[in-house]
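Understanding the architecture of this molecule
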Amino acid sequence: MSAVPRKTAPPARHATAPRRGEQRSSLFIGSVEKAFQVLEAFRDTQRTMSMAEIARAAQLDRSATQRLVHTMAQLGYLRRLPDSTLYGLAPKVLTLSYNYLRSRALIERASPYLLDISRTLGETCNLQELDGHEIVFLARFPGRHLVNVDFAVGYRLPAVFTASGRAMLSRLDLAPRREIVGATPMHPITPYTETDAKLLLSRIDEAADRGYAVVTNQTLVGDISVAAAITDHDGHPVGAINIAVPTTRWTVERAQEQLVPHVQLAATSISQAKMPRGA
């Protein structure tokens, strides 16, 4: 990838509020929602915060925040810095991520293909899945070439701005495609990010026709990304294989010629392994 700094998208807030006209079930526990609002308040540069800062970031009142922080610190999910009024996430939070990653058969089946691509091409290869209007990085195999911008496992990006997202959306019917595009906050990440809904839907159509997606400079200046969707036995997208390369060494034409066959072969092979839905 290019060394050009990227413009970071605003942190995604996973809203749990019901849509207009919808009502929450009586089984919904609001206090659990608030606990996760506190955990999700610790993002990016907000690594440690005071009680007031946590309340503001989580959009909760001070009293509720104090009780929640105390409880989660007692449970081991938050920690108070020694001789300080600041709090941060505790290592126990990683247990949740670890258990999720270990539970996904998709990661286990895809990893040998990602490793082979990374070793063969020397380029960075990723596995992502669709979560609402975003993609989430599930696995990442860096290439031989040094990069100074990295997307770690768990990182999220708006699906419509990425090759993997467009590849997966291309396997959905038109109605869910439009719903996801409509739910996406159209905040450009780079000066080249495409944010017109009609154009984005046409890009998804192109991916459906081609059987793969390719984007340039959409989430990182100087980046070319190609991707193909992994599907379950019903043809529903459960993930995507992506290869990312810099424009300093690759052109879009060369990437389509030399990289697309690798992502398509890997995605098809994993799909033919009869991936169960939710794998």
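Residues numbered from 1 in each chain as written. Predicted model: local features only at pLDDT ≥ 70, side-chain atom pairs only at ≥ 80, totals over all residues. Heavy atoms only, no water.

So, about the overall build of the chain. When helices and strands are tallied, the chain shows 10 helices and nine strands. Buried positions account for 43% of the 279 residues belonging to the chain. For the chain, the exposed area adds up to about 15100 Å²; of that, 53% sits on carbon and sulfur atoms. (Helix = DSSP H or I, 4+ residues; strand = E, 2+ residues; numbered from the N terminus. Buried < 20%, exposed > 50% of the residue type's maximum accessible area, 1.4 Å probe, protein only. Areas by Shrake-Rupley, 256 points an atom, 1.4 Å probe, with all protein chains shown as cover.)

Now for the pattern of salt bridges. Taken as a whole and assessed by the stated rule, the structure comprises seven salt bridges. Two residues, Arg249 and Glu123, come together in a salt bridge whose shortest N-O distance is 2.7 Å. With Arg249 in the loop between β9 (237-246) and α9 (252-258) and Glu123 in the loop between α5 (105-121) and β4 (124-131), this residue pair connects regions lying 126 residues apart in the sequence. A relative accessible area of 4% means that Glu123 is categorised as buried. In this structure, the salt-bridge partner of Arg156 is Asp131, at a minimum N-O distance of 2.7 Å. One end of the pair, Arg156, is in strand β6 (residues 156-158); the other, Asp131, is in strand β4, and 25 residues separate them in sequence. You can call Arg156 partly exposed: its relative accessible area is 28%. Taken together, the salt bridges that share partners define one network made up of Arg166, Glu194, Arg203 and Glu206. (Salt bridge = Lys/Arg side-chain N within 4 Å of Asp/Glu carboxyl O.)

On to the pairing of strand β7 (residues 213-216). On a regular strand, one side chain projects to one face of the sheet and the next to the other, so that they alternate. Note that β7 and strand β8 (residues 223-231) share four bridges and pair antiparallel. Its bridge partner being in β8, Thr216 is matched across the sheet by Ile224. Between the antiparallel neighbours β7 and β8 lie six residues, among them Asn217 with a positive phi of about 65°. (Pairing = 2+ DSSP bridges.)

On the surface, Ile29, Val32 and Phe36 cluster together into a nonpolar patch covering about 280 Å² of accessible area. Tracing the chain through its elements places Val32 in helix α1 (residues 30-40). (Patch = residues over 30% accessible without salt bridge, like charges linked within 9 Å, V, L, I, M, F, W, Y side chains within 5 Å.)

Below, the discussion takes up the sheet that holds strand β1 (residues 48-49). Taking strand neighbours across the sheet as the criterion, the three strands line up as β1-β3-β2 in an open arrangement whose pairing is antiparallel. At either end of the open sheet lies a strand with only one pairing partner, and these are β1 and β2 (78-80). Bridge count for β1 against strand β3 (residues 87-89) is two bridges, and the pairing is antiparallel. By the bridge assignment, Thr48 is partnered in β3 with Gly88.

So, on to the confidence of the model for the chain. In the predicted model, the chain carries a mean pLDDT of 87, and 87% of its residues have values of at least 70. Scored below 50 in pLDDT, residues 1-17 makes 40 contacts in the model with residues more than four places away or belonging to other chains. (pLDDT = per-residue confidence, 0-100. Contact = heavy atoms within 4.5 Å.)

All right, on to the environment of Ser63 then. Structurally, Ser63 is set in helix α3 (residues 62-75). Linking Ser63 and Met51, residues 12 residues apart in sequence, is a C-alpha distance of 9.8 Å.

Next up on the list: helix α10 (residues 260-271). Helix length check: α10, at 12 residues, gives a terminal C-alpha distance of 16 Å against a target of 16 Å (1.5 Å per residue), a fit within 8%. Within the span of α10, buried status applies to Val260, Val263, Ala266, Ala267, Ile270 and Ser271. Burial along α10 is one-sided: seen end-on, the buried residues are contained in an arc of 140°. Along its buried surface, α10 packs onto α5, β8, β9 and α9. (Expected span 1.5 Å × (residues − 1). Arc of directions from axis to C-beta.)

With antiparallel pairing, six strands are arranged side by side in an open sheet as β6-β5-β4-β9-β8-β7. This sheet does not close on itself; its edge strands, each paired only once, are β6 and β7. Taken over all neighbouring pairs, the strand axes of this sheet differ in orientation by 30° on average, direction set aside. Direction of pairing for β4 relative to strand β5 (residues 134-141): antiparallel, over a ladder of seven bridges. Within β5, the residue paired with Cys125 across the bridge is Phe141. On the sheet, α5 packs against β4, β5, β8 and β9 and is oriented at approximately 60° with respect to β5. (Axes fitted to C-alpha atoms, helices over the stretch in contact; angles between N-to-C directions.)

This brings us to the packing of α1 against α3. Taken N-terminus to C-terminus, the directions of α1 and α3 make an angle of 75°; their axes are 10 Å apart at the nearest point. Taken together, α1 and α3 sit at an angle that is classed as roughly perpendicular. Across the interface between the two elements, Ser31, Lys34, Ala35, Val38 and Leu39 from α1 touch Leu68, Val69 and Met72 from α3. Of the residues assigned to the contact of α1 with α3, the class counts are six nonpolar, one polar and one charged. (Parallel < 35°, antiparallel > 145°, perpendicular 65-115°, else oblique. Nonpolar A, V, L, I, M, F, W, Y, C, P; charged D, E, K, R; others polar.)

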